[in-house]
Amino acid sequence: MAPSGDAVDLRNVSLSYLAADGQPLEAVAPTTLTIPAGQFVSLVGPSGCGKTSLLRIIAGLHPPTSGEISIFGDEPLEAQRLKELGLVFQEPALLPWRDVEANIRLGRELNAARTRDGVSIDQLIELIGLEEFRHFRPDALSGGMQQRVAIARALALDPPLLLMDEPFAALDEMTREQMRYELLDLWSVAPTQAERGRSAIFVTHSVSEAVAVADRVLVMSPRPGEIVADLPIHSPRPRTPEHEQSPRFLEDAAAVRAALRAAGPIPATA
């Protein structure tokens, strides 16, 4: 059974660091945000604006300086314990001595008591198109293949919230375009999607990528990062690469780019 309540609820969440001179450096300005269950949200903004910091706060990997966070009504660390979160980073971080199947299976082996009745490992391997590579180790796979395995591993526990920090940044443009639509196929697999809808937050520097995958794009300003635009994406689902040439997609992408330009110049490094 999927958890109840909004996927993410932030109330005046902020983050500050101590700079080299001992003075506080505000990385994320006070942020209030609600993401309903079943919504796919992209987070874009200039380098250093706090996108990754905000994602790590939501994931419970970094405590905020102030504010309150809930994930399906739970604090982030409790959401981690309940396996309500799936994490995918820029580097796949696969175990080199385990093959594709064993890497995907790892989360279920370590968290057997928390595993939901999601898709089978065999189904996940089929969904990522690596049936012929199931017994290959990571060093025999391309970068795109490795990232497919990392996403399948995150989904193996059927988490109701998937958090992704620039998962395709290291891939070439053609592979990135292919992966964004494979991600949508994986994101929509049952049973969480069938019950209430899996939620996702996707950090990216690519406007096209953000618009292609999301129901909603949040634009952050330069540091101290704050959400300066909250833009709905109007393209219907399911989506294919062809829809990126449609007038509706181009209008949505133009709106995101305009919001980024309006956010202001990037400040000098402290």
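Just so we're clear, the structure is a prediction, and the values are computed from it rather than from any experiment.

1. Observations regarding the pattern of salt bridges
Taken as a whole, this structure holds 13 salt bridges when the rule is applied. A salt bridge links Asp-158 to Arg-198; the nearest nitrogen and oxygen atoms lie 2.3 Å apart. Within this pair, whereas Asp-158 is found in the loop between helix H5 (143-155) and strand S6 (161-165), its partner Arg-198 is found in the loop between helix H7 (192-195) and strand S7 (199-203), the two being separated by 40 residues in sequence. You can call Asp-158 buried: its relative accessible area is 3%. Residues participating in the shared-partner salt-bridge network are Glu-101, Arg-105, Asp-122 and Arg-134.

2. Side note on unusual backbone geometry
The residue after Arg-223, namely Pro-224, is reached through a cis peptide bond having omega -5°. Topologically, Pro-224 is positioned in the loop between strand S8 (216-220) and strand S9 (227-232). Residue Pro-238 is bonded to the preceding Arg-237 through a cis peptide linkage, with omega at 0°. Here Pro-238 lies in the loop between S9 and helix H9 (247-262). Even without being a glycine, Phe-72 presents a positive backbone phi close to 50°.

Rules and cut-offs
- Residues numbered from 1 in each chain as written.
- Predicted model: local features only at pLDDT ≥ 70, side-chain atom pairs only at ≥ 80, totals over all residues.
- Heavy atoms only, no water.
- Salt bridge = Lys/Arg side-chain N within 4 Å of Asp/Glu carboxyl O.
- Helix = DSSP H or I, 4+ residues; strand = E, 2+ residues; numbered from the N terminus.
- Buried < 20%, exposed > 50% of the residue type's maximum accessible area, 1.4 Å probe, protein only.

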